[in-house]
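Each chain, written out:
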Amino acid sequence: MKFDEPAGTNPIDQLKVVGRPADRIDGPLKTTGTAPYAHDRHDVVQNQAYGYVVGAAIAKGRIASMNLEAARAAPGVLAIVTADSAGRLDQGERNTARLLGGPEIQHYHQAVALVVAETFEQARDAAHRLKIRYAPAKGRFDLEAARDTATIPEKTGSGDPAETAVGDFEGAFRDSPVQLDQTYRTAYESHSMMEPHASVAAWDADGQLTLWTSNQMIAWTAQDMAKTLRIPRDKVRVMSPYIGGGFGGKLFLRADVLLAALGARAAKRPVKVSLTRALMPNNTTHRPATIQRIRIGAQRDGHITAIAHESWSADLPGGGPETAVLQTRALYAGAHRMTALRLAEHDLPEGNAMRAPGEAPGLAALEIAIDEISEKLGIDPVAFRILNDTQVVPDNPAPPDPDKNSDQTAPEARLDAGRPRRFSQRQLVRCLETGAERFGWKRRRSKPGSVRAGHWLVGMGVAAAFRNNLLTKSAARVRLDRRGRVTVETDMTDIGTGSYTILAQTAAEMMGVPLSQVDVRLGDSSFPASCGSGGQWGGNNSTAGVYAACTQLRRLVAARLGFDADASDLAFSDGEVRTASRSAPLMLATRDGPLEAEDAIEYGDLDERFQQSTFGAHFAEVRVDAYTGEVRVQRQLAVCAAGRILNPKTARSQIIGAMTMGVGAALMESLHVDTGVGFFVNHDLAGYEIPVHADIPHQDAIFLDEVDPMSSPMKAKGVAELGICGAAAAVANAVYNATGVRVRHYPLTLDKLVQNGLAIA
Amino acid sequence: MKSFSYERADSPAAAAAAAARVPGAKFIGGGTNLLDLMKLQIETPAHLIDVNDLGLDEIESTDDGGLRIGAGVRNTDLAADPRVRNDYAVLTRALVSGASGQLRNQATTAGNLLQRTRCPYFYDTNQRCNKRRPGSGCGALAGVSRQHAIVGSSDACIATHPSDMAVALRCLDAKVSTVRSDGTRREIPIEAFHRLPGDTPEREHDLAADELITAVTLPPPVGGTQLYRKVRDRASYAFALVSVAAIVHRDGRAQVALGGVAHKPWRVETAERELARGGDARTTAAALLAGARPTRDNAYKVTLVERTLAAVLAQARESGS
């Protein structure tokens, strides 16, 4: 199904099932511990052996020698895989560093061996007997030092340009009566999802490889596995029906699955591999740290006239930048603008996507800057954001009008002269106003440090939320059987987001059956390829794919039952198919056998004709211990405008989960770099702190009523990541409001407060 | 994990005898720290002697009005004991600020004292660590040291002791009772129990290989306002950046011990004399941290100790001791 015109009225608009807060249909499996996660799949294939991954002990250099004898002789050992013995390997399209290192080492804890044994304990014991000598080389591990070597990146991952410029930023900034020029820093962060990367691999006699794994993107993984092993794509089957969290850390083929496949080949039997927690931060990907310079020039009446956002990050050679400036191209008005991404090379592990890559760290900086310029202007930060709202994309000047000499036209006029690119929906102002009302924003004192409760300093902060809506092809298959049950099959994944449930709701709505009559089967590469889970694109696109398949199935049913499939009053409802003149039970259509249809949603240029984005507002109230600088969040509120909310219950879970991650980014999450040795030191959950329950006392999420006919037939958009975009800055701004100490370097740990003038009394 | 043999002892004497018999043996109580370290092969005992069935899980009043805490008493039970809550509140407060409910259910009194540092360079066997591999150097000294010690450290080691309980015990002047395989018993004052790192950070206490902790004894109640203030980046389930255990009396006398700043619970008599003389948080902290050698990463702890001490003293005043 080609989606190239705005959606009209369609069966989803009935909202009998879609849009309802249905419980997760996979909930009972999860709460009873029976959902089959990768590491638990003892049943899928007999005779599984265990692999233990050995990570490189140096950050850069070479393996000088490997002595495997003692390990080979250890009890239970079946095989040892190293780069020497693995055979010729290619590299996945989406991997920056090789997943099996040696002799060259590209980063700390890069896998250098897999020891396969009868039991996990034997494999681990034997791994400790490997004797590896390294020849370390000098590496580059310090972003601050690498900053001056940064260049304009060739690719940005998102496909957006590395630089944009509109008007004359430097001139307009210079002439602005009120200016802000500050530099902000965000930390390296680790996904720290609950379930570690884990895989079981089995080869059959025909060279068919079957993988049970934990992965967000089934098709990418199958492709990159085939490419890495240099085997045909159709020889690889990937299954990942249940995933204990990913946050972007499981978007790609990783060492667990590749080494399981290599181990199974070497041991000639199925092999199970999971990464230990201590290996994950350095072996897999992370969110890159950033240095961001933001300059804003404003008129005294509060209008932004000039805004610039530059971001520096670093990655291994061949990697990409953290796209922290993207939201600044679209969020606030201002005639003169500039954004730039800069990328340096370093030798820390590879950076990549983590929940709302780009916008999460970008808004963490930008929304402090907005707070700062508001204060300089003496304008309430909610009012300042409303004042600088824009209904057209400000960074996207239309082509010059051919009838005029555009060079002599002021930039504002040029924008007006062309066809400005509008947002499909933009309710930022309503998000801010609704949130301010609900949160009790008017109780906030604009003077920092003016509310005290005992030894606690209390403050409130606000930030805007922004995240683009990404449209991606997504396919599905639906089947109606003789009993009237509907089965949905797609390689879509559910990483805890609620995919099972919203896909079932979509099929139930389309086919006119109750939710309990729908089965959903996910995460299998033998099913039609979906959009997968990432970048908050999963919900809208995968349900639209099921919509497309159900549209085809409805045609088959209509034909079977003698209805005109194009009749305007044809309805599937309450287990019946009917028009004004007649009705028939749905089950009658499958009297002679099940009906099955497959289709995909494919998008035209609606996302080029209209900027499709999601908006929100974050509010936070914190208290800060005046003595110790400990920051504790008291309340958080997010107001979101993100198209139709397919299931308010699962959407709420996504938002408050992301807000929790925002608290982590604001207050504690940071992979500490040993810039001498070259690794992330706190590489386990004792050292890498994420919020615990006691850190999150009260959260609320509000969804504005919105349908977006430009996004898909579902009229939904991505929503999950909106919950983290801006959340950290709201907390940071609340800390400033509480204390009067402005911290521009995340996370806002207490040392940065007590060393920067936090007043006890 | 290295292969090991295992036995379950049924009396303190039998446990000590087993330890004397088998070289490389270790006692195991709750196992919350030892098992993790064994999986990483940082601890590689040849033999484990399970000390959970020794009858050491009682809390008894002593003749002089103090309290004798069996070595096997779980942290949860110790924290909840009414005598502890009433008369040694600093101990209950310290215990419940540590670890998680699940860990406290499992962890024992003796095991808590004997837990090892959480320095990440100690835990990562690829890194230099004089405590794990004497002579290999200290990775933390030139590395990431935000959590590390600022006083009593050496060029060989800047690790901290992670226990909250031990800080309260130091404040309370507890004594550690032990027995050896030959039946020798001794009582070690808590201040002498943990060692400073010096040139031998691998030696964290002076217990002999066959020496078993049987109890921790508290002196008779001393009254006062008893507080434990633990400062950390998140609200729960984190090791102290700085902690202050304090018993503050109406007359201005006080006992103060610090956690999170040294290789052992940190208490300085001159600092307490300073307090008794009417000194404030600044002068007292200066006495507590005399000779401090912070790193760039943990220099904030110097300020934080003073501020946390100020918070505790203010709270004690409010409590009207």
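Student: How should the packing of aromatic side chains be read in this particular structure?
Tutor: Remark: the centre distance and the inter-plane angle together describe each pair of aromatic rings, the angle taken between the planes. Residues and elements named next belong to chain A. In total, this model carries 15 aromatic pairs over all chains according to the counting rule given. Arranged with centres 4.7 Å apart and planes meeting at 50°, the rings of Tyr-108 and Phe-679 form a pair that is tilted. In this pair, Tyr-108 sits in the loop between strand S5 (104-105) and strand S6 (111-117) while Phe-679 sits in strand S29 (residues 679-680), placing the two residues 571 residues apart along the sequence. You can call Tyr-108 buried: its relative accessible area is 0%. Look at Phe-679 and you get buried, because its relative accessible area is 1%. Ring geometry for Tyr-188 against Phe-680: centres 5.3 Å apart, planes inclined by 55°, an arrangement best described as tilted. Placement of Tyr-188 in the loop between strand S9 (178-186) and strand S10 (198-203) and of Phe-680 in strand S29 is noted, with a sequence separation of 492 residues between them. When sorted by exposure, Tyr-188 lands in the same class as Phe-680, which is buried. Ring-pair connections join several aromatic residues into one group, and the members of that group are Tyr-37, Tyr-242 and Tyr-500.

Student: What am I meant to see in empty space enclosed by the protein here?
Tutor: Over the atoms, a rolling probe the size of a water molecule traces out where space has been left empty. All names here are of chain A. Enumeration according to the criterion identifies eight cavities of 30 Å³ or more in this entry. In this model, the largest cavity occupies a volume close to 100 Å³. Considering the residues around the largest cavity, the lining is formed by Thr-186, Glu-189, Arg-287, Ala-360, Pro-361, Ala-364, Gly-662, Ala-665, Ile-724, Ala-728 and Tyr-746. The element best represented in the lining of the largest cavity is helix H9 (residues 359-377), accounting for three residues. Counted by class, the lining of the largest cavity contains seven nonpolar, two polar and two charged residues.

Student: Looking at this structure, I do not really get helix H12 (residues 281-288) of chain B. What am I missing?
Tutor: Quick reminder: α-helices carry 3.6 residues per turn. Residues three or four places apart thus point the same way. Residues and elements named next belong to chain B. By the burial criterion, the buried members of H12 are Ala-281, Thr-284, Ala-285, Ala-287 and Leu-288. Along the axis of H12, the buried positions cluster into a sector of 160°, meaning they face one direction only. With respect to the buried face of H12, the exposed residues turned more than 90 degrees away are Arg-282 and Ala-286. Buried residues along H12 sit against strand S11 (254-259), helix H11 (269-276) and helix H13 (300-318).

Student: Looking at this structure, I do not really get the pattern of salt bridges. What am I missing?
Tutor: Between side chains of opposite charge, pairing is possible as soon as their charged atoms come close. Under the criterion given, the structure shown has 71 salt bridges over all chains. Notably, a salt bridge pairs B:Arg267 with B:Asp173, separated by 2.9 Å at the nearest N-O pair. In this pair, B:Arg267 is assigned in the loop between S11 and H11 and B:Asp173 in the loop between helix H9 (165-171) and strand S6 (175-179), connecting sequence segments 94 residues apart. Owing to a relative accessible area of 33%, B:Asp173 belongs among the partly exposed residues under this scheme. For B:Glu269, the salt bridge goes to B:Arg273, with nearest N and O atoms at 3.9 Å. Within this pair, B:Glu269 and its partner B:Arg273 are both found in helix H11, separated by four residues, close to a single helical turn. Residue classification places B:Arg273 among the partly exposed positions, given a relative accessible area of 46%. What emerges from the salt-bridge pattern is a single network uniting A:Arg477, A:Arg479, A:Glu489, A:Arg521, A:Glu596 and A:Glu598.

Student: So what exactly am I meant to see when it comes to helix H13 (residues 499-511) of chain A here?
Tutor: Residue and element names in this part refer to chain A. Counted at 1.5 Å a residue, the expected span for H13 with its 13 residues is 18 Å, and the 18 Å between its end C-alpha atoms agrees. Most of H13 is tucked away, with 13 of its 13 residues classed as buried. Where H13 terminates, the next one or two residues include Gly-512, which has phi positive at roughly 70°.

Student: Please clarify how the sheet that holds strand S5 (residues 67-70) of chain B should be interpreted in this entry.
Tutor: By way of backbone hydrogen bonds, the strands of a sheet pair with one another, either parallel or antiparallel. All names here are of chain B. A sheet is described by the order of its strands in space; here five strands give the open sequence S4-S5-S8-S6-S7, paired in antiparallel fashion. Of all strands in the sheet, those bounded by a partner on one side alone are strand S4 (59-61) and strand S7 (185-189). Adjacent strand axes in the sheet meet at a mean angle of 25°, parallel and antiparallel pairs treated alike. Note that S6 and strand S8 (residues 212-218) share five bridges and pair antiparallel. Among the inter-strand pairings, Ser-177 is bridged to a residue of S8, identified as Ala-215.

Student: What exactly am I supposed to notice about the interface of chain A and chain B here?
Tutor: Frequently, the measure chosen for interface size is the accessible area removed from exposure when the parts meet. Listed by partner, the interface residues are 35 residues for chain A and 35 residues for chain B. In total, about 2,900 Å² of surface goes out of reach between chain A and chain B, with carbon and sulfur atoms giving 52% of it. Our count for the chain A to chain B interface comes out at four salt bridges. Viewed at the interface, chain B and chain A are joined by 17 residue pairs in polar contact (both at pLDDT 80 or more). Those elements that provide at least two residues to the side of chain A that touches chain B are helix H3 (120-127), strand S28 (673-674) and helix H18 (750-754) of chain A. Ranked by residues supplied to the side of chain A that touches chain B, first place goes to H18(A) with three residues. Here the residues of the side of chain A that touches chain B are counted per class, giving 19 nonpolar, seven polar and nine charged.

Parameters and conventions
Residues numbered from 1 in each chain as written. Chains lettered and ligands numbered in written order. Predicted model: local features only at pLDDT ≥ 70, side-chain atom pairs only at ≥ 80, totals over all residues. Heavy atoms only, no water. Phe/Tyr/Trp six-rings, centres within 6.5 Å; stacked < 30°, edge-to-face > 60°. Helix = DSSP H or I, 4+ residues; strand = E, 2+ residues; numbered from the N terminus. Buried < 20%, exposed > 50% of the residue type's maximum accessible area, 1.4 Å probe, protein only. 1 Å grid on protein atoms, 1.4 Å probe; cavity = no way out; pocket = protein on both sides within 12 Å on 5 of 7 lines; lining within 4 Å. Points joined across faces, edges and corners; volume = space filled by probe spheres on them. Nonpolar A, V, L, I, M, F, W, Y, C, P; charged D, E, K, R; others polar. Arc of directions from axis to C-beta. Contact = heavy atoms within 4.5 Å. Salt bridge = Lys/Arg side-chain N within 4 Å of Asp/Glu carboxyl O. Expected span 1.5 Å × (residues − 1). Pairing = 2+ DSSP bridges. Axes fitted to C-alpha atoms, helices over the stretch in contact; angles between N-to-C directions. Buried area = accessible area lost by both parts, 1.4 Å probe. Polar contact = N/O pair within 3.5 Å; in protein donor to acceptor, adjacent residues only side chain to side chain.

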